[in-house]
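Listed here are the chains, written in short residue letters.
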Amino acid sequence: MLENAKWISYPTDTGFACPVFKKTFDTKKEVKRATLEITSLGGYYAELNGKRIGDFILAPGCTSTKRVQAQTYDITDMLGAENEIDVTISKGWFKGRINWRSNQDNADKRESVIAEIKILYKDGDTKTISTDKTWQTSISKITFADFYDGETYDCTHIESFVPSLEQDYSKEIIVKQQGEKVVEHERISPLSIFKTPKGETVIDFGQNTTGYFEFTVDAKKGDRVSFSVAEVLDKEGNFYTENYRTAKAELIYICKDGVQTYKPRLVFYGFRYVRVNEYPTEIRKDDICAIAVYSDIKRTGYLTSSSKLLNKLFENIIWGQRGNFLDIPTDCPQRDERMGWTGDAEVFVKTASYNYDVEKFFTKWLTDLKLDQFENGGVPHVVPQFWGDDPSSAAWGDASTICPWQIYLTYGDKEILKRQYKSMCDYVKYIGKISKNRYLWTGCNHFGDWLGLDAPAGSYKGSSDETFIASVYYAYSTKLVVKAGKVLGKNVEKYEKLYDNIIKAIRKKFKKYKTQTEHVLALYFDIAEDKASVAKSLADMIEKNGKRLQTGFVGTPYLLHALSQNDYTELAYDLLLQEQFPSWLYSVKCGATTIWEHWDGRNENGDFWSKDMNSFNHYAYGSVADWVYGVACGINTVEEKPGFEEVLIAPHPTDKLDFLSASIETRHGLVSSKWYHDGDKIRYEIVTPVKATVIINGERHEVEKGSYIF
Ligand code: BGC
């Protein structure tokens, strides 16, 4: 790969200014085929003869710094007799503010690019143009770029070229593109442009989105355009950016003469609102549009109901996934984080895998998890590892077992288990090594039931017992190693014993459960021996709390399951349909267009719960959709026939909705389940592409592929 090419960089450190590299070449004969193979340390934006090459946004993608993906583009039709290639690079994920880790580990390395153009002439001759010191480099018109702070493009900047510096960086880290590329998707026109009480001009796109915006302006050379972005307005209706923390998230553009159109090239933003800081004329709706940017994954799942609010929640979950599936599963797309937080991905993976086809996406991310896993088997909090070597937290590190298992269940290919099995085992062994107790996970720091509402004042952690949570996850990850090992034909005896011992130890130590989350885990993970009384106790707590939840990142994904598995399906529906704070529909009623990080991201009086941990686009609580697919509509894959090779359809209707329907485009075809009230009857419309077991009102029906009405 890139055999003849050399890594090249600007001769000196350019700070956050982006260097451009150019090379001119001719093609005197008729070209049969020409390709460009390219990658970079940092982000790249490549043009041939003034036109963008390919549609991969934020190339070369986000990976562990132990590898970098190379892309190949067919450039045959872009070539002329005389050609110029220009490649601009930023610090991107490699050395931007986002990657604290790489800034330490690669302090001596500079952003650089490596590329090779291969031309095959019609007469069989070939020509290769590879990066080397003959490529000229200059500071480009992108005089600043950083994911957190935004981009500055200066049309008046005059480039001054010098020879590139060849670097002897290893080429061994270069791999082929593994995941989907990130591309532009929806273009969103402004809903309104208005003046805030402070007198600022703000554009509302009506949708919290990840990507950027494109504007067209008629200006004079040197005129300035500048924008800032926000997710929400404060309660007075003013532009609010405090929740972006240190991320400036601006776009500054210095104009040339005439009508010109621009959109950022090397950064992305998370936003619904854009504040017009500087603009040479009065901005009109037609001058600007937002562009959503995310991985090119295929939508597979749909949910619809008779409730408008619930439908909006379903839509918000989809937008939450779009905005956070940007080559890696990020926690949020706006503030100074935007990282592959493992816990968030673990919580959401099931919903994600029904909503979209994410097999390739997670295969890539889990490869990075494996690469960045510590030598002792621990899993970093964020993957790729942009942070330090903190010991793993329960429910975060467990992404290493939960994600591969879920991808296997949804898509049915053992390959993911084969690839990850060692990583799964290493993680479980790591817990055994790091814990003070053999069968309980003790003596470590965890994120606990992160953002649980029962957190003590001033804390982000809910008050559920951390050792209980950690030990339950220890048991669960061990169980998944057993399951995966069996699929792969491994001897898993020692893990089976370990699992039994952990369960015994948890049962011995934890006889009572205090919080909602502790109850939920005890039920869902088969810790409780007397499930009926634990479920009743959970139900009582929820009832006493006005049919409202208190759970955080750990309890929420399993809350409705724990209830419906124990005959409290109606209470699960009450929580799903609850409109008062705290609830899923509370945020919808407050006008949310994505999923909030915190149940009271915004209080009922319009204030924000916090400045610093208050993202309005955090997909984690969107994990409730897996209950709607799997329990309310009842679509389930069968563990022994994963990937929907066989289906179990067991819907749980309620009188609280007129109808509910779900469909998933599986690897075997479309499966759908809809129920609706028809007079005093409930009708079920079921479509299965494969053999299915349908359970209606406790009655089993074994059916072949087809459409059925019950
Ligand atoms: C992130 C979360 C993450 C958490 C870990 C936050 O800052 O945004 O989503 O899981 O830290 O506790």
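Residues numbered from 1 in each chain as written. Predicted model: local features only at pLDDT ≥ 70, side-chain atom pairs only at ≥ 80, totals over all residues. Heavy atoms only, no water.

## Quick look at the sheet that holds strand 2 (residues 19–26)
Short version of the rule: For two strands to pair, DSSP has to find at least two bridges joining them. Here a strand is any run of E in DSSP of at least two residues, a helix any run of H or I of at least four, and the numbering for each starts at the N terminus.
The strand order across the open sheet built from six strands is 5-4-7-2-10-13, with neighbouring strands paired in antiparallel fashion. Only two strands of the sheet have a single neighbouring strand rather than two, namely strand 5 (51–52) and strand 13 (162–163).

## Some remarks on the site of the ligand
Put simply, the rule reads: Whether a residue is near a molecule or strand depends on its heavy atoms: if one lies within 4 Å, it is near. Polar contacts, as counted here, are pairs of nitrogen or oxygen atoms within 3.5 Å of one another; within protein the pair requires one atom able to donate a hydrogen and one able to accept it, and residues that are adjacent in sequence qualify only if both atoms are side-chain atoms. Each accessible area is a Shrake-Rupley estimate made with a 1.4 Å probe; only the visible protein chains count as cover when residues are assessed. In the scheme used here, Gly and all other residues not listed as nonpolar or charged are polar, with Ala, Val, Leu, Ile, Met, Phe, Trp, Tyr, Cys and Pro taken as nonpolar and Asp, Glu, Lys and Arg as charged.
Taken together, Asp331, Arg335, Glu337, Trp341, Asp344, Trp396, Phe447, Trp450, Phe553, Glu597, Met613 and His618 make up all the residues around the ligand. Within the side chain of Glu337, a nitrogen or oxygen atom sits 2.5 Å from an oxygen atom of the ligand. Separating an oxygen atom of the ligand from a side-chain N or O atom of Trp396 is a distance of 2.9 Å. When the ligand is considered free in solution it has 310 Å² of accessible area, and contact with the protein chains removes 97% of it. Residue classes in the shell around the ligand are distributed as six nonpolar, one polar and five charged.

## Observations concerning the pairing of strand 25 (residues 288–295)
Rule in force here: Relative accessibility decides the category of a residue: with a 1.4 Å probe and only protein chains considered, values under 20% of the type maximum give buried, values over 50% give exposed, and everything between is partly exposed.
With respect to burial, strand 25 is a largely interior element, eight of its eight residues being buried. With five bridges joining them, strand 16 (residues 182–188) and strand 25 adopt antiparallel strand pairing. Each residue of the ladder has a partner; that of Glu184, found in strand 25, is Val293. The pairing of strand 18 (residues 201–219) with strand 25 spans five bridges and is antiparallel. Looking at the pairing, Glu214 lines up with Cys289 of strand 25.

## Some words on the layout of surface pockets
It is a probe the size of a water molecule, rolled over the atoms, that shows where empty space is left. Heads up, the rule is: The way it works is a 1 Å grid over only the protein atoms, where trapped points that fit a 1.4 Å probe form a cavity and open points with protein on both sides within 12 Å along at least five of seven lines form a pocket, and then any residue with an atom within 4 Å of a point lines it. Grid points are joined across faces, edges and corners, and a volume is the space filled by probe spheres set on the points. Domain ranges listed in this record stem from an automatic or a database domain assignment.
The volume enclosed by the largest pocket comes to roughly 940 Å³. Every residue lining the largest pocket is counted, 35 residues in all, and those nearest its centre are Lys350, Leu409, Tyr524, Gln565 and Asn636. Secondary-structure elements contributing two or more residues to the lining of the largest pocket are helix 4 (342–355), helix 6 (399–411), helix 8 (466–487), helix 10 (516–524), helix 12 (556–564), helix 15 (625–632) and strand 29 (635–637). With six residues, helix 4 is the single largest residue contributor to the lining of the largest pocket. Of the residues belonging to the lining of the largest pocket, the class tally is 19 nonpolar, eight polar and eight charged. Structurally, the lining of the largest pocket is a two-domain feature, drawing no fewer than three residues from each of domain 3 (337–580) and domain 4 (647–709). Of the volumes computed, that of the second largest pocket is approximately 350 Å³. In terms of lining, the second largest pocket is formed by 29 residues, of which the most central are Leu41, Thr65, Arg67, Val68 and Phe94. Element by element, the count of residues in the lining of the second largest pocket is highest for helix 1 (residues 92–95), at three residues.

## Digging into the nonpolar core
As a reminder, the rule being used: Among the buried residues, those of types Ala, Val, Leu, Ile, Met, Phe, Trp, Tyr and Cys that are joined through side-chain atoms within 4.5 Å form a nonpolar core. Contacts were defined at the residue level, with two residues in contact if any of their heavy atoms lie within 4.5 Å.
Counting 220 residues, the largest nonpolar core has Phe215, Phe227, Leu313, Phe362 and Trp365 as its most contacted members. A per-element tally of this core places helix 8 first, with 12 residues. Here Phe227 is in contact with Phe213, Phe215, Ala249, Glu250, Leu251, Val274, Arg275, Val276, Asn277, Tyr279, Ile283 and Ile288, once residues within four sequence places are set aside. Counting 10 residues, the second largest nonpolar core, distinct from the first, contains Leu41, Ala70, Phe94 and Ile114.

## Observations regarding the domain arrangement of the protein
Domain boundaries assigned for the protein yield domain 1 (7–172), domain 2 (183–295), domain 3 (337–580) and domain 4 (647–709). Using C-alpha coordinates to define each centre, domain 2 is positioned 39 Å away from domain 3.

## Focus on unusual backbone geometry
Note that the residue after Ala59, namely Pro60, is joined by a cis bond; omega there is 10°. The backbone phi angle of Asp567 is positive, close to 70°, even though this residue is not glycine. For Asp567, the position within the fold is in the loop between helix 12 and helix 13 (569–577).

## Regarding empty space enclosed by the protein
Tallied over the full model, the rule gives three cavities of 30 Å³ or more. Put simply, the largest cavity is a space of about 80 Å³. Lining the largest cavity we find Leu313, Ser583, Trp584, Ser587, Ile595, Trp596, His598, Trp599 and Tyr621. Here the lining of the largest cavity is composed, by residue class, of six nonpolar, three polar and no charged.

## Thoughts on helix 10
Taken across its nine residues, helix 10 has eight buried, putting it largely inside the fold. The set of residues buried in helix 10 consists of Gln516, Thr517, Glu518, His519, Val520, Leu521, Ala522 and Leu523. Tucked into the core, helix 10 has its buried residues touching helix 8, helix 11 (531–544) and helix 12.

## So, the packing of helix 13 against helix 15
Helix-helix packing: each pair is described by the crossing angle between the helix axes and the interaxial distance. Going by this rule: Orientation is described by lines fitted to C-alpha atoms, with helices fitted over the stretch in contact, and by angles between N-to-C directions that extend from 0 to 180 degrees. The handedness criterion is simple: a crossing whose near helix is rotated anticlockwise from the far helix by less than a right angle is left-handed, and one whose near helix is rotated clockwise is right-handed.
Where helix 13 meets helix 15, the closest approach of the two axes is 12 Å, and the angle between their N-to-C directions is 145°. Remark: the crossing between helix 13 and helix 15 carries left-handed chirality. For the pair formed by helix 13 and helix 15, the contact residues are Thr569, Ala572, Tyr573 and Leu576 on the first element and Trp627, Val628 and Ala632 on the second. The residue inventory of the contact of helix 13 with helix 15, partitioned by class, reads six nonpolar, one polar and no charged.

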